[in-house]
Amino acid sequence: QVQLVESGGGLVQAGGSLRLSCAASRTIFSINAMGWYRQAPGKQRELVARITSGGSGGSTNYAESVKGRFTISRDNAKNTVYLQMNSLKPEDTAVYYCNAEADIMRYWGKGTLVTVSS
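No experiment lies behind these values; they were computed from the predicted model shown.

Caption draft 1: Representation of the sheet that holds strand β7 (residues 70-75) within the structure. Ordered in space as β1-β3-β8-β7, the four strands form an open sheet in which the pairing is antiparallel. Each edge of the open sheet carries a strand with a single partner, namely β1 (4-7) and β7. Sheet twist, expressed as the mean angle between neighbouring strand axes with direction ignored, is 15°. Two strands pair when backbone bridges link them, and β7 and strand β8 (residues 80-85) are joined in this way by six bridges, in the antiparallel orientation. When the sheet's bridge partners are listed, Thr71 is paired in β8 with Gln84.

In structure tokens, the structure reads:
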């Protein structure tokens, strides 16, 4: 099993930045991939960014809506994955969830709320 704890959400003005953190309960080397998803009120949960556990920092992919603004990264020593969010827009407002793909299972954190005011 993997427990995930997110932090870093909050209220920010449009154009601002936030960094989300996701701490995993075990080494992320043993996790195939980790990602950030978000769910806005009345909408389905969607992938924001994902990073694999491969060498050279792993491979990443992003939703089109956040490309060039968000960056996912990982710190293997801290078993933590980050989501740096720049140039935030009101439409980025959502609950952001950390996800881990391991042991043919998907694990989720409880989420952290990001609110972007216009």
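Caption draft 2: Fine view of the state of the cysteines. Going through the model one piece at a time under the given rule, you end up with one disulfide. Between the sulfur of Cys22 and that of Cys98 lies a disulfide, 2.0 Å long from S to S. Between Cys22 and Cys98 the disulfide shows an S-S torsion of about -85°. By sign, it is left-handed. With Cys22 in strand β3 (residues 18-24) and Cys98 in strand β9 (residues 94-102), the pair connects residues that are 76 residues apart, well separated along the chain.

Caption draft 3: Main features of the packing of aromatic side chains. Using the criterion set out here, one finds one aromatic pair in the structure. For the pair Tyr37 and Trp108, a centre-to-centre distance of 5.0 Å together with 70° between the ring planes defines the contact as edge-to-face. Placement of the pair is Tyr37 in strand β4 (residues 33-39) and Trp108 in strand β10 (residues 105-108), with a sequence separation of 71 residues. You can call Trp108 partly exposed: its relative accessible area is 34%. The ring of Tyr97 has Arg45 sitting right over it, with the charged end atom 3.8 Å from the ring centre. The residue whose ring lies beneath Arg45 is Trp108, and the NZ or CZ to ring-centre distance is 4.6 Å.

Caption draft 4: Examining the environment of Ser117 more closely. Examined against the element boundaries, Ser117 turns out to sit in strand β11 (residues 112-117). Here Ser117 falls in the partly exposed class, since its relative accessible area comes to 25%. Aside from chain neighbours lying at most four places away, what touches Ser117 is Leu11, Val12, Gln13 and Ala14.

Caption draft 5: Focus on the pairing of β4. For β4, the tally of buried residues reaches six of seven residues, placing the bulk of the element in the interior. Pairing geometry for β4 and strand β5 (residues 46-52), over six bridges, is antiparallel. Residue Gly35 lies in a different strand from β5, and its bridge partner there is Arg50. Hairpin remark: β4 followed by β5, antiparallel, with six residues in the connecting loop; positive phi at Gly42, about 75°. The pairing of β4 with β9 spans seven bridges and is antiparallel. Each residue of the ladder has a partner; that of Gly35, found in β9, is Asn99.

Caption draft 6: Region of interest: the nonpolar core. Among the nonpolar cores identified, the biggest contains 30 residues, and Leu4, Met34, Trp36, Leu83, Met85 and Tyr96 are the most heavily contacted of them. Within the residue set of this core, elements represented by two or more residues are β3, β4, β5, β7, β8, β9 and β11. If near-sequence neighbours (up to four positions away) are discounted, Met85 is found in contact with Gly16, Ser17, Leu18, Leu20, Arg69, Phe70, Tyr96 and Val114.

Rules used in this analysis
- Residues numbered from 1 in each chain as written.
- Predicted model: local features only at pLDDT ≥ 70, side-chain atom pairs only at ≥ 80, totals over all residues.
- Heavy atoms only, no water.
- Pairing = 2+ DSSP bridges.
- Helix = DSSP H or I, 4+ residues; strand = E, 2+ residues; numbered from the N terminus.
- Axes fitted to C-alpha atoms, helices over the stretch in contact; angles between N-to-C directions.
- Disulfide = S-S within 2.5 Å.
- Phe/Tyr/Trp six-rings, centres within 6.5 Å; stacked < 30°, edge-to-face > 60°.
- Buried < 20%, exposed > 50% of the residue type's maximum accessible area, 1.4 Å probe, protein only.
- Lys NZ or Arg CZ within 6 Å of the ring centre and 35° of its normal.
- Contact = heavy atoms within 4.5 Å.
- Core = buried A, V, L, I, M, F, W, Y, C linked by side-chain atoms within 4.5 Å.

It is worth stressing that arrangement in space is one thing and function is another; only the former is reported here.
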